[in-house]
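Observations on the model geometry
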Amino acid sequence: MREGAHPGRIAPYPAQELSAEATRPRDTPPATPFRGPAGGKSTTRERIIQEPETFEPEAVRRAADGTESSRANRGWWDRNADEYQVEHGTFLGDDRFVWGPEGLDEVEAELLGPPEELTGRDVLEIGAGAAQCSRWLTAQGARPVALDISHRQLQHALRIGGTFPLVCADASALPFADGSFDLVCSAYGALPFVADPVVVLREVRRVLRPGGRLVFSVTHPIRWAFPDEPGPEGLSVASSYFDRTPYVEQDDDGGAVYVEHHRTVGDRVRDVVAGGFRLVDLVEPEWPAWNTSEWGGWSPLRGNLIPGTAIFVCERD
């Protein structure tokens, strides 16, 4: 659905008591449609105006609890949502379901199940951003709900359009009744940024129906040991894989403005089990020949040598 066709509201989930803020997206000029690798048009390259950062944050390694992490990352994504959508909108499209920078598409992967089995399923997308995945799910006949901690990211979802609910909330406290969903998915959403992923996983288990599936992707843990650079300098180990001290960007007063938490592969597996799930598969996408683009520290050079994304396929017993 094109911009302007949406009622312009970040709405509460039907039949739930939620504290969701309503808003209308900013006016933006008409978009120029284009086609990405999977053929989905995108309006995310249109001009978007938002004030840039007025300071240069300091990057450090230090402790950061759940409250500080949540506050910092909500603010970071609100401030940087426009730049993110402009920079990556072409790759993401409007209605593709991409699991990571490698470009693994749910059309091919079928990690949520065969597309024909998605019809009529209630699906929660966590860390939805502009809700590209939810738009694809809608096209398969599913009933998605797109959730994100960033209000500004969800404004981009409004700008592109869609008929599904948008909910602004923290993944550590999902505002849904028990057993509300058949599937939960998250493509690089929430889990890399929370201090205690088990809290999120237990919340996901709570809102899933018995037999429900959770699929989430994160930066592959091995990347923590390498510099976040796409070129040759990103191929030499620079820090300990076992150092779990969070990466924090902070302002002049020492307040966190961005936080990312590291978990080893073993940590992630134990988190899944502690969250009440059974791990069905761990997918490590290879870099495809067609993808010649760079995305931050992800690149063809590094992607052909070391994994960049880990996708965990889990089921609730």
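Everything below is about the structure shown above.
Described in the following lines is the structure provided in the data block. (Residues numbered from 1 in each chain as written. Predicted model: local features only at pLDDT ≥ 70, side-chain atom pairs only at ≥ 80, totals over all residues. Heavy atoms only, no water.)

1. Digging into unusual backbone geometry
With a phi angle near 50°, Glu110 is a residue other than glycine that sits in the positive phi range. Structurally, the position occupied by Glu110 is in the loop between α2 (106-109) and β2 (122-126). At Ala131, a position not held by glycine, the phi torsion is positive, near 65°. Within the secondary structure, Ala131 sits in the loop between β2 and α3 (132-139). What makes Ala131 buried here is its relative accessible area of 0%. (Helix = DSSP H or I, 4+ residues; strand = E, 2+ residues; numbered from the N terminus. Buried < 20%, exposed > 50% of the residue type's maximum accessible area, 1.4 Å probe, protein only.)

2. Things to note about the side chain of Gln153
By the element assignment, Gln153 lies in helix α4 (residues 151-160). On the accessibility criterion, Gln153 (3% relative accessible area) is buried. Reaching out from Gln153, the side chain makes a polar contact with the side chain of Gln85 at a distance of 3.0 Å. When near neighbours in sequence (up to four residues on either side) are disregarded, Gln153 contacts Trp77, Ala81, Tyr84, Gln85, Gly129, Ala130 and Asp148. (Polar contact = N/O pair within 3.5 Å; in protein donor to acceptor, adjacent residues only side chain to side chain. Contact = heavy atoms within 4.5 Å.)

3. Considering the environment of Tyr258
Mapped onto the fold, Tyr258 is located in strand β8 (residues 256-260). If we skip the residues at most four places from it in the chain, Tyr258 touches Ala72, Asn73, Trp76, Phe193, Tyr247, Val248 and Glu249. In this structure the side chain of Tyr258 is engaged in a polar contact, spanning 2.7 Å, whose partner is the side chain of Glu260.

4. Brief notes about the sheet that holds strand β4 (residues 166-168)
Pairing within the open sheet is mixed, and its 7 strands lie in the order β4-β3-β2-β5-β6-β10-β9. Taken across any chain shown, the strands that pair with only one partner, and hence form the sheet edges, are β4 and β9 (277-283). Adjacent strand axes in the sheet meet at a mean angle of 20°, parallel and antiparallel pairs treated alike. Of the pairings in the sheet, the one linking β9 to strand β10 (residues 309-316) comprises 6 bridges and is antiparallel in character. Of the residues in β10, the one forming a bridge with Leu282 is Phe312. Its contacts with the sheet place α3 against β2, β3 (143-148) and β5 (181-187), and it is angled at close to 175° to β3. Contacts from helix α6 (residues 265-274) reach β6 (208-219), β9 and β10, with the element oriented near 145° to β9. (Pairing = 2+ DSSP bridges. Axes fitted to C-alpha atoms, helices over the stretch in contact; angles between N-to-C directions.)

5. Comments concerning the pairing of β2
Burial analysis of β2 places 5 of its 5 residues in the buried class, the great majority of the element. Two strands pair when backbone bridges link them, and β2 and β3 are joined in this way by 5 bridges, in the parallel orientation. From the neighbouring strand, Asp122 faces β3, where its bridge partner is Arg143. Relative to β5, β2 is paired through 3 bridges, and the arrangement is parallel. Each bridged residue has a counterpart across the sheet, and for Val123 the counterpart in β5 is Leu183.

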